[in-house]
Every structure is written in C-alpha cells, then in structure tokens.
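For reference, the chains in residue letters:
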Amino acid sequence: MIAPQSEIQTLVGVNVVQMAKMVSLSVRRFYQLMNAGVFPVPIYLLATRKPMFTEEQQRVCLDVRRRQQGLNGQVVFFHSPRQLPAMKSNSKK
C-alpha cells in the first residue's frame, strides 16, 4: 500500500529508480506510464546526462498516483504490489 503523500519525503532530486519506488511501481511500469504521458519526463543533467526528477516533478508524480489521473488526462488504476506466497519448508526432522 502506498504511503499518504504527506508522509513521502521529496528530495532536491531523485533518479528514475527512486521515483518509481516513491509511487510504488516497477521501473519498467513507470517508464511505460511516463512514455504514455501519465507521468512527467525527467530533466537531464548536462554534466552527467542522467535523468532526474526535481522536487516539483516528484510532487506531480505523487499527485498523479494519489488522484489516479495522468498528466494526459487518462484515468490510471494503480494496483497494490503483489505479495509473494510464503515459502513452505519441506525439511523433515
């Protein structure tokens, strides 16, 4: 379950992996939604050519998740993260 927006701390900048984690999505799914226009695209740092989300972009992403409406106006349903079944021990004593 995603933490309420008020509990998630924004930083000066986060990378794509961190942003995906903040909205409780896999990196792959986050990229899919970003390419579809649901989430904003990151800025790129000139010195490192690495993508980064600013604090404002982080707030926008968190708001998209909270409201379930993308920047493109599309309604997006976010499912709860899958729970893996508990492993049963087959060891006999």
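The structure we're discussing is the one just above.
The following refers to the structure shown. Given the structure is predicted, the values throughout are model-derived calculations rather than measurements.

### Here we look at the sheet that holds strand β3 (residues 51-54)
Okay, step 1: Pairing within the open sheet is antiparallel, and its three strands lie in the order β1-β3-β2. Each edge of the open sheet carries a strand with a single partner, namely β1 (13-14) and β2 (43-44).
Okay, step 2: The pairing of β1 with β3 spans two bridges and is classified as antiparallel. When the sheet's bridge partners are listed, glycine 13 is paired in β3 with threonine 54.
Okay, step 3: Helix α3 (residues 55-67) contacts β1, β2 and β3 of the sheet and is inclined by roughly 80° relative to β3.

### Considering α3
Okay, step 1: Over its 13 residues, α3 runs 18 Å from end to end, which matches the ideal 18 Å to within 8%, given 1.5 Å per residue.
Okay, step 2: Three or more residues of α3 are buried, namely Gln57, Gln58, Cys61, Leu62, Val64 and Arg65. Seen along its axis, α3 keeps its buried residues to an arc of 155°; they face one direction.
Okay, step 3: Contacts from the buried residues of α3 go to β1, α1 (16-22), α2 (27-35), β2 and β3.

What counts and what doesn't
- Residues numbered from 1 in each chain as written.
- Predicted model: local features only at pLDDT ≥ 70, side-chain atom pairs only at ≥ 80, totals over all residues.
- Heavy atoms only, no water.
- Pairing = 2+ DSSP bridges.
- Helix = DSSP H or I, 4+ residues; strand = E, 2+ residues; numbered from the N terminus.
- Contact = heavy atoms within 4.5 Å.
- Axes fitted to C-alpha atoms, helices over the stretch in contact; angles between N-to-C directions.
- Expected span 1.5 Å × (residues − 1).
- Buried < 20%, exposed > 50% of the residue type's maximum accessible area, 1.4 Å probe, protein only.
- Arc of directions from axis to C-beta.

These figures come from the coordinates and say nothing about function on their own.
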